[in-house]
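One letter stands for each residue in the lines below.
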Amino acid sequence: MIVHNRYDKLQKMALILFAQAMLLAMGDKRKVVRFYPTELIIPTFRQKLMDGVLELEDGTLLNIEFQTGDIDENFLLRCAQYAINLRIISGRHVETKIISTGLKIKSEKIALISKTFQFEPEIFFYSELDGLEKLINIKNKIENKEKLTDIDQYNLIFIPFMGNVDRVNAAFEVIDIVNNWELFDKHEREQLKECQYIMADIVADRDDELFEKFMGRINMLTLFAGYVEKHKDELDEIVFNAYKEKNGKDFEEMIVEKHRKEIKEENSIEIARNLKDICSDEEISKCTGLPIEKVREL
């Protein structure tokens with residue numbers, strides 16, 4: 001796959017990780033059999049790469065194309081070329097679905113080849129999706145101890161780009177959800193965080209200070225784990241053993257709920273100082289057990 005920009009990179013990564021969930025999110029219940037080669041090698045359309053092609057259970061080849069911004073006629077005509085050439089090469093029926101970060105009202109939806117021949121793919125716009133509704137649904141599932149689905153995980157990557165949300169606040173919220181170690185196994189969390197790095201870069205939009213805040217929040221639990229491993233001899237043995245036995249349980253929650261009193265104040269202060277640039281005083285107070293007044297003095 002060729003990646004032209006950050007949006008393409010993010011969406012192609014999500015397609016690789018959540019192909020079936022992406023299809024379900026578009027209302028298509030067919031099963032994905034495998035990824036199909038995206039390269040078209042023919043004399044008139046040489047070395048052209050489609051964004052992603054899925055082979056479905058009914059034999060159809062589904063070409064999923066990503067468009068950053070509004071959709072124009074040239075983009076639709078290129079997608080039509082992909083579809084026709086893929087049909088010729090494969091001998092299969094070909095469908096096209098387009099996912100756009102642009103606005104529906106400003107985008108072309110049909111490319112006229114002639115008066116009687118038109119190309120009309122299915123088009124989905126993130127701006128048409130209710131990000132707040134999806135975020136609330138995920139929070140309700142968490143509160144009710146329900147397991148998050150692949151579609152929920154897919155939404156945790158793209159909610160900041162949907163409609164009806166503040167992009168920056170939504171980004172922090174989905175990052176915090178992924179930081180909950182009880183919700184995901186290690187593999188799932190690593191996949192989501194990898195996508196969230198790119199999501200944060202897009203949302204920050206060259207605002208270095210905001211990007212650093214995103215990175216600090218995304219890496220927060222990694223910092224906790226690394227600090228504990230490095231300073232295990234200085235920490236109360238009971239606390240460290242409990243952390244190891246939990247095998248992924250959120251260190252912050254573990255300290256707050258069970259072993260906060262077992263950590264020496266000087267170690268708590270050192271942890272707090274290390275977190276001062278990436279977490280709020282309230283968060284630091286919660287995870288270290290230090291009074292908020294003490295944290296503010298550091």
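Residues numbered from 1 in each chain as written. Predicted model: local features only at pLDDT ≥ 70, side-chain atom pairs only at ≥ 80, totals over all residues. Heavy atoms only, no water.

Burial analysis of helix α4 (residues 150–158) places seven of its nine residues in the buried class, which makes it a mostly covered element. What α4 keeps buried is the set D152, Q153, Y154, N155, L156, I157 and F158. Contacts from the buried residues of α4 go to α1 (6–25), β6 (94–100), α3 (131–143), α5 (167–178) and α6 (186–204). (Buried < 20%, exposed > 50% of the residue type's maximum accessible area, 1.4 Å probe, protein only. Helix = DSSP H or I, 4+ residues; strand = E, 2+ residues; numbered from the N terminus. Contact = heavy atoms within 4.5 Å.)

Quick look at a negative patch on the surface now. A surface patch of negative charge is lined by D70, D72, E73 and E108. Tracing the backbone shows E73 in helix α2 (residues 73–90). Its relative accessible area of 41% is what places E73 among the partly exposed residues. (Patch = residues over 30% accessible without salt bridge, like charges linked within 9 Å, V, L, I, M, F, W, Y side chains within 5 Å. Areas by Shrake-Rupley, 256 points an atom, 1.4 Å probe, with all protein chains shown as cover. Salt bridge = Lys/Arg side-chain N within 4 Å of Asp/Glu carboxyl O. Lys, Arg positive; Asp, Glu negative; His and termini not counted. Charge placed at Lys NZ, Arg CZ, Asp CG, Glu CD.)

This next bit is on α2. For α2, with 18 residues, the first-to-last C-alpha span of 25 Å sits near the 26 Å given by 1.5 Å per residue. What α2 keeps buried is the set F75, L76, C79, A80, Y82, A83, N85, L86 and S90. A side-chain oxygen of the first residue of α2 lies 3.4 Å from the backbone nitrogen of N74; this N-cap is D72. Of the residues trailing α2, G91 is marked for its positive phi of about 75°. (Expected span 1.5 Å × (residues − 1). Polar contact = N/O pair within 3.5 Å; in protein donor to acceptor, adjacent residues only side chain to side chain.)

Moving on, we come to the confidence of the model for the chain. When pLDDT is averaged along the chain, the result is 80, and 74% of the positions lie at 70 or above. Confidence scores differ between elements of the chain, with helix α10 (residues 251–259) showing the lowest mean pLDDT of 45 and strand β9 (residues 122–125) the highest of 96. Contacts of residues 223–232 to residues separated by more than four positions or lying in other chains number 22 contacts, the stretch itself having pLDDT below 50. Note that pLDDT drops below 50 for residues 254–264; the model gives that stretch 23 contacts with residues more than four away or on any other chain. (pLDDT = per-residue confidence, 0-100.)

Topologically, N74 is positioned in helix α2. Residue classification places N74 among the exposed residues on the basis of a relative accessible area of 55%. Distance from N74 to E108, taken between C-alpha atoms, is 9.6 Å for residues 34 residues apart in sequence.

The subject of this paragraph is the pattern of salt bridges. If the charged atoms of two oppositely charged side chains come close together, the side chains can form a pair. Scanning all chains against the criterion turns up twelve salt bridges. The salt bridge partner of D28 is R30, with a shortest N-O separation of 2.6 Å. Comparing D28 with R30 shows no difference in burial state: the two are buried. Ionic pairing is found between R92 and E55, a salt bridge with its closest N-O pair at 3.7 Å.

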